[in-house]
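Observations on the model geometry
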Amino acid sequence: MRPFTLKTGLFLTLILAFLLVNIGVADAQSRRTCPALTKRIEFSVKTISRNINYDLSVTQPQLRRLANRSASSRVSPNERALGLTSSGHSVAYQTKSQVARLGRNRYCARIQTADVEILVTRLKVYILNKYRRGSCQYAAILDHEHEHVAAFQNSIATLERAFNDRIWRIVKNLSPAFGTSSKIASQGALRNLGARLNRIKSPIERRMITRNRQIDTPLSYQRLVQQCSKW
C-alpha cells in the first residue's frame, strides 16, 4: 500500500475563435470548382505562457477535493495526497477566407490567413501545508511536481513547433468549403481547418498524459519517500 500519492490534474480545452472576412467575392457562375487562392498564404503561431502559481496553504481535505475533480488524478481512500499540479491550455485561431460565388445561392471558401494562439490558462502547484518551505519533504514534493510542470511546458513548446512546421502546408492543401452564403462557406472552411489542427493537437496532448503517468509510478514514489527520514 502506498503511503501517499502525488497526482497531476490536466484540464484541456479547445476554444475556437474566428474572424470571417470575405476578401474576394467573385461572380464565377460558370465555374463548378472553387477558384485557387489569389494571394499568398499567411499565418502566425503565438504562445502566451504564464508563471507557475504556488499554493502552499492547502489542507489534506482541500488537496483531496482538488485532485478528485479530475478522473486522471483521483485519490483513493487509502492514499494521502501531498502535492498536485493543475495545468490547462486553450488553442484559439482567427482566419480570413477567400470566398467565390459559384452561382445562385452557391459559394465556396478557402482559408487565406490563419493566426493561431496557444494560451496557457492555468499552471498551479499545490503542496500540503504540513510541509513548510525549506523542509526535506517540501523540497522532495516540489521536485516531483516540477517534473509535471516540465512535461506540460514541453508539450506546449512541441505544439507550437508542430503548428509552425505544418500549418502552411495544411492551409495550402485544405479542401474548400461550400455553402448557400458566403458566411456559411467561410464557417465550413474554418471547421475544416479546426479538424486538421486538432489532428496535430490531440496526439501531443495524449503524449503529455502518458508522460505524467510515467512520472507517477510506485517506483517514483518509493524514490521520493527515501529522500527524507520522516513523513
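Here, every reference points to the structure presented above.
What you see is a predicted model; the values in this text were computed from it and never measured. (Residues numbered from 1 in each chain as written. Predicted model: local features only at pLDDT ≥ 70, side-chain atom pairs only at ≥ 80, totals over all residues. Heavy atoms only, no water.)

1. Describing the overall build of the chain
For the chain, the helix and strand inventory stands at 4 helices and 7 strands. In the chain, the succession of α and β elements from N to C terminus is β-β-β-β-α-β-β-α-β-α-α. Relative to its 231 residues, the chain shows a buried fraction of 45%. Across the chain, every contact between residues at least 6 apart in sequence was considered, and the portion connecting residues at least 24 apart equals 82%. In the structure as shown, the chain presents an accessible area of about 12500 Å², 48% of it carried by carbon and sulfur atoms. (Helix = DSSP H or I, 4+ residues; strand = E, 2+ residues; numbered from the N terminus. Buried < 20%, exposed > 50% of the residue type's maximum accessible area, 1.4 Å probe, protein only. Contact = heavy atoms within 4.5 Å. Areas by Shrake-Rupley, 256 points an atom, 1.4 Å probe, with all protein chains shown as cover.)

2. Details of unusual backbone geometry
Despite not being glycine, N105 has its phi angle at roughly 55°, a positive value. Relative to the assigned elements, N105 resides in the loop between β5 (81-103) and β6 (106-127).

3. Focus: the state of the cysteines
The tally for this structure, following the rule as stated, stands at 2 disulfides. Sulfur-sulfur distance for the disulfide between C34 and C108 comes to 2.1 Å. Between C34 and C108, the S-S dihedral sits near 85°, and the bridge is therefore right-handed. Here the residue C34 occupies a position in the loop between β2 (26-27) and β3 (42-48), and C108 occupies one in strand β6, the gap between them amounting to 74 residues. (Disulfide = S-S within 2.5 Å.)

4. Some remarks on the pattern of salt bridges
Counted according to the given criterion, the structure contains 3 salt bridges. The salt bridge involving E147 is made with R211; its shortest N-O contact spans 4.0 Å. Here E147 is found in helix α2 (residues 136-173), whereas its partner R211 is found in helix α3 (residues 182-215), with 64 residues between them in sequence. We classify E147 as partly exposed; its relative accessible area is 38%. With relative accessibility at 37%, the residue R211 sits in the partly exposed group. Where E205 meets K201, a salt bridge forms, and the shortest distance between an N and an O atom there is 2.7 Å. Here the residue E205 and the residue K201 both occupy positions in helix α3, the gap between them amounting to 4 residues, near one helical turn. There is no split in this pair, since E205 and K201 are both buried. (Salt bridge = Lys/Arg side-chain N within 4 Å of Asp/Glu carboxyl O.)

5. With respect to the packing of α2 against α3
For the pair α2 and α3, interaxial distance at closest approach is 9 Å and the crossing angle is 160°. With respect to α3, the element α2 is oriented roughly antiparallel. The handedness of the crossing between α2 and α3 is right-handed. In the contact of α2 with α3, the residues fall into 14 nonpolar, 5 polar and 5 charged. (Axes fitted to C-alpha atoms, helices over the stretch in contact; angles between N-to-C directions. Parallel < 35°, antiparallel > 145°, perpendicular 65-115°, else oblique. Left-handed = near helix turned anticlockwise from the far one by under 90°. Nonpolar A, V, L, I, M, F, W, Y, C, P; charged D, E, K, R; others polar.)

6. A short note on empty space enclosed by the protein
Tallying each qualifying case throughout the model produces 2 cavities of 30 Å³ or more. Lining the largest cavity, in full, are H89, S155, I156, L159, K201, I204, E205 and M208. The set of elements that each furnish at least two residues to the lining of the largest cavity consists of α2 and α3. Tallying contributions element by element places α3 first for the lining of the largest cavity, with 4 residues. Here the lining of the largest cavity is built from residues that sort into 4 nonpolar, 2 polar and 2 charged. (1 Å grid on protein atoms, 1.4 Å probe; cavity = no way out; pocket = protein on both sides within 12 Å on 5 of 7 lines; lining within 4 Å. Points joined across faces, edges and corners; volume = space filled by probe spheres on them.)

7. Quick word on the side chain of Q98
With respect to the helices and strands, Q98 occurs in strand β5. A relative accessible area of 6% means that Q98 is categorised as buried.

8. Notes on helix α1 (residues 60-67)
Every buried residue of α1 is listed here: Q60, L63, L66 and A67. For α1, the angular spread of the buried residues around the axis is 125°, confining them to a single face. The elements touched by buried residues of α1 are β5 and β6. (Arc of directions from axis to C-beta.)

9. Looking at the pairing of β5
Summarising burial for β5: 20 of the 23 residues are buried, a large majority. Relative to β6, β5 is paired through 20 bridges, and the arrangement is antiparallel. Paired with Q98 across the bridge in β6 is R110. The antiparallel pairing of β5 with β6 creates a hairpin that spans 2 residues between the two strands, and N105 there sits at a positive phi of about 55°. (Pairing = 2+ DSSP bridges.)

Function cannot be read off these values alone, since they describe shape.
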